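As a plain string of letters, each chain reads:
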Number of protein chains: 2
Amino acid sequence: MAVTIKDVAKLSGVSISTVSRVINDSKPVSPEVKRKVLEVIEEIGYKPNEIARTLVTKKSYLIGVIVTDLADSYVADMVRGIEEIGKMYNYDILLCSSYGDKEAELKYIQLLNRKQVEGMILISSTLDDEVDKKVSEYDIPFVYLSRYSKSEKYPTVSIDYHFAAYEMTKYLISLGHEKIGYVGYLEDENSTQYEKINGYKRAMNEMELDSSHIFKTKGLNIREGYSALNNSLTENGVTALLCSSDKIAIGALNYCYDNNIKTPEDISIVGFGDIQIASLIRPKLTTVKEPFYDIGAVAIRKIIKELSKEPSEEKHIKLPYQIQKRDSSRKL
Amino acid sequence: MAVTIKDVAKLSGVSISTVSRVINDSKPVSPEVKRKVLEVIEEIGYKPNEIARTLVTKKSYLIGVIVTDLADSYVADMVRGIEEIGKMYNYDILLCSSYGDKEAELKYIQLLNRKQVEGMILISSTLDDEVDKKVSEYDIPFVYLSRYSKSEKYPTVSIDYHFAAYEMTKYLISLGHEKIGYVGYLEDENSTQYEKINGYKRAMNEMELDSSHIFKTKGLNIREGYSALNNSLTENGVTALLCSSDKIAIGALNYCYDNNIKTPEDISIVGFGDIQIASLIRPKLTTVKEPFYDIGAVAIRKIIKELSKEPSEEKHIKLPYQIQKRDSSRKL
DNA sequence: TTGAAAGCGGTACCAA
DNA sequence: TTGGTACCGCTTTCAA
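Residues numbered from 1 in each chain as written. Chains lettered and ligands numbered in written order. Predicted model: local features only at pLDDT ≥ 70, side-chain atom pairs only at ≥ 80, totals over all residues. Heavy atoms only, no water.

1. Some remarks on the nonpolar core
To be explicit about the condition: In plain words, nonpolar cores are sets of buried Ala, Val, Leu, Ile, Met, Phe, Trp, Tyr and Cys residues tied together by side-chain atoms within 4.5 Å. Three exposure classes are used, based on accessible area relative to the maximum for each residue type with a 1.4 Å probe and protein chains only: buried under 20%, partly exposed in between, and exposed over 50%. We call two residues in contact whenever any of their non-hydrogen atoms come within 4.5 Å of each other.
Core analysis: the largest hydrophobic core is formed by 106 residues, its most contacted members being Val79(A), Leu241(A) and Val79(B). Excluding its chain neighbours within four sequence positions, the residues that come into contact with Val79(B) are Leu70(A), Leu95(A), Val65(B), Val67(B), Leu70(B), Ile93(B), Leu95(B) and Ile123(B).

Here you go:
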């Protein structure tokens, strides 16, 4: 059995109250007593039991984080931001991976609550109705992080997808491209995918360019970016492709590589996200840099603020993005 | 204030002992009482406080995981394995990132202990002496996971790097290559890097081939793989490169790409690890697949076994690896 | 400045 | 099958 506050009290010949006071610096303790207690603590290597402490103070210093999949580098980046800022305020994170399964999300939300987390962050592509309901049952700060879905009800942290897509399209136009295609997943009406395509269309329309070269993908992965193109690409003479995500852009890049269409010589391809591989692959991908780490950081900061009853700022925070110009795009 | 076991007891007209029994199914309870209690629990949405429970049972169902950096996909993969298997046994993970800072590791080891984790997994390139010492202070199951360092003292899970390198070299030889270079970081004597280079040398010596084409890197990252090559590569007519890690291999690949040396036409390049990008870049990288997910899974399983007092198997577990033949290598 | 004692929300033993 | 109660390790009144 580990040493407890009682052992310290006994060995230093004081009450546990006094020991508690010295370890917490909560109330004045005479110097000699303090010294003695500290000495004993050092000697027997006493470490307060945080569980016991939590039980009485109600502060677990735990934040629950439910993610879809750590294998997605952007998720890992968000978690890094969450963790690092959390640590600055002595918070630890309890991690759960749902792999996109809403039952799992539901289960973890309950689990984390039983473990007395003080706040929760959910990173998930879509916000399921039941999950939404379950979250509202609990009365702890919550932030919803998603690259795809929006939520009015819960606080979110993201970038302005519409403007980002708009700006990126303008950039391609400035490079001299006129036949610019859009590649993306367009199933869910309420998703950020629509903000992106609208940004694209707006930029195209402003310049009176044809915004009808839409390549619909069947999903959000590399494979689907690859197969959305097929042979329709070369037929209509598109010279640039705005992809709704880096994965899709990489799929497109691979498609071109395999079909002897050179990037960026024959076609410019740009992505969205700036996930890790974006700058690792060759050619390096031109893309919209979403500040994943910062998104995580801001999310947990928001939670911690709420926890300390500070007036919380706006509910939906938009962070700045950047247009990362690299090698997969060039002047026509 | 959330509802407690007392509320349930009061509302169902029984003692808290009885309520405890029904929620834990620990002792027989008459059907009617049970039904009634369950009803009340459902009605007021009672959820046991795990913190209170932990305090008395000493079971926190928490495993502490200290990692270097989640941004490394192999780390994320290990954590996934840890988390997924942990969840099967109701364990949750408390995550800490050290970013390679040993002070941070030290701090987190203590922190996790105060939070009453039942076991700990450390993922770190090197096992610092002080960290080693600190770990031994605590009496909980511990596993050390590293791709670079070895530890006799603590349980580990890895692959047989010597054989893997040996086998990969043999594979390159079987492709007709004779001038095979080795690219790797060779500073730390006690590292797995030496097992790899020895595997390489053994394979080369067995075929009486020259094993002196060693390119020393100054680190383990892409950049260092890139710069280790410089112009020495083409001079000596090496036709294949065995790299000690995928990152280094990618650096090599990039070096070749930038210097107009075609892979695999002019040179075959193979890596070690099979991290995520290995199969995403073009050409897809031939590499030794280290089962990161499984390594994490086996590590936590080992901890859970120890926790349940099962006889633990061997201390240092070696998992099978695979030679992933892809596009960055070909017949000479 | 100190100690005693009442909890925090549970579990588990003992007696009924 | 049940209830009473001690206790887990700590914080925090309240009195001294």
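Back to the write-up after that little detour.
2. Details of the protein's contact with DNA strand D
The test is simple: Near residues are defined by distance, with any heavy atom within 4 Å of the molecule or strand qualifying the residue. For the purposes of these results, a polar contact is taken to be a pair of N or O atoms within 3.5 Å, where, inside protein, one atom must be able to donate a hydrogen and its partner to accept one; residues adjacent in sequence count only when each atom of the pair is a side-chain atom.
For DNA strand D, the set of nearby residues contains 32 residues, the closest of which are Ile5(A), Tyr46(A), Arg53(A), Thr18(B) and Arg21(B). Backbone atoms, meaning sugar plus phosphate, form 62% of the atoms of DNA strand D positioned within 4 Å of the protein. Between DNA strand D and the protein, one listed contact pairs a phosphate oxygen with a backbone N or O atom of Asn49(A) at 2.9 Å. Contacts to DNA strand D include Lys58(B), whose side-chain N or O atom sits 2.8 Å from a sugar or linking oxygen.

3. A closer look at the packing of aromatic side chains
Residues and elements named next belong to chain A. Short version of the rule: In this analysis, rings of Phe, Tyr and Trp, with Trp reduced to its six-membered ring, are considered paired at centre separations within 6.5 Å, and the interplanar angle assigns stacked below 30 degrees, edge-to-face beyond 60, and tilted for intermediate values. The helix count covers DSSP runs of H or I at least four residues long, the strand count covers runs of E at least two residues long, and both are numbered beginning at the N terminus. Any Lys NZ or Arg CZ that is within 6 Å of a ring centre and within 35 degrees of that ring's normal is treated as a charge sitting over the ring.
This model, assessed by the stated rule, comprises 14 aromatic pairs over all chains. On the numbers, 6.3 Å between centres and 80° between planes, the contact of Phe163 with Tyr166 is edge-to-face. Placement of both Phe163 and Tyr166 in helix H8 (residues 161-174) is noted, with a separation of 3 residues, approximately one turn of the helix. On the accessibility criterion, Phe163 (40% relative accessible area) is partly exposed. In this arrangement the basic side chain of Arg147 is found over the ring face of Tyr74, its NZ or CZ atom lying 4.7 Å from the centre. Over the aromatic face of Phe272 sits the side chain of Lys196, whose NZ or CZ is 4.4 Å from the ring centroid.

4. A word on the UniProt feature "domain: HTH cro/C1-type" (unreviewed entry) in chain A
Quick note on the threshold: UniProt positions are given in the numbering used here, feature names are shortened, and annotations may be inferred rather than shown by experiment.
In the numbering used here, UniProt assigns the "domain: HTH cro/C1-type" (unreviewed entry) feature to residues 4-51 of chain A. In the segment residues 4-51 of chain A, helix accounts for 69% and strand for 0%; the C-alpha atoms at its two ends are 12 Å apart.

5. Describing the side chain of Ser98(B)
All names here are of chain B. Turning to its location among the elements, Ser98 is positioned in the loop between strand S2 (92-97) and helix H6 (102-114). Note on Ser98: relative accessible area 3%, which makes it buried. Setting aside anything within four residues of it in sequence, one finds Ser98 in contact with Ile66, Val67, Thr68, Ala104, Glu105 and Tyr108.

6. A word on the sheet that holds strand S12 (residues 322-324) of chain A
Residue and element names in this part refer to chain A. This is how the line gets drawn: We call two strands paired when DSSP finds no fewer than two bridges between them. Throughout, an axis means a line fitted to C-alpha atoms (over the contacting stretch in the case of helices), and angles, computed between N-to-C directions, take values from 0 to 180 degrees.
As summarised here, the arrangement of the 6 strands in space is S7-S6-S8-S9-S10-S12, forming an open sheet in which the pairing is mixed. Two strands lie at the open edges of the sheet, namely strand S7 (214-216) and S12, each paired on one side alone. The average undirected angle you get between the axes of adjacent strands in this sheet is 20°. Strand direction decides the pairing type here: strand S9 (residues 268-273) and strand S10 (residues 286-289), joined by 4 bridges, are parallel. The residue of S10 that forms the bridge with Val270 is Thr286. Contacting strand S6 (180-184), S7, strand S8 (240-243) and S9, helix H9 (residues 192-206) crosses the sheet at an angle of about 175° to S6.

7. Considerations on the protein's contact with DNA strand C
Every one of the 31 residues lining DNA strand C counts as a neighbour, but Thr18(A), Arg21(A), Pro28(A), Lys58(A) and Arg53(B) are closest to it. Those atoms of DNA strand C that come within 4 Å of the protein belong to sugar or phosphate at a rate of 66%. A distance of 3.0 Å separates a phosphate oxygen of DNA strand C from a polar atom in the backbone of Ser15(A). Taking Ala52(B), its main chain carries an N or O atom lying 3.4 Å from a base nitrogen of DNA strand C. Mapped onto the surface near DNA strand C, the elements with two or more residues apiece are helix H2 (16-24) and helix H4 (50-57) of chain A together with helix H1 (5-12), helix H2 (16-24) and helix H4 (50-57) of chain B. Ranked by residues supplied to the surface near DNA strand C, first place goes to H2(B) with 6 residues.

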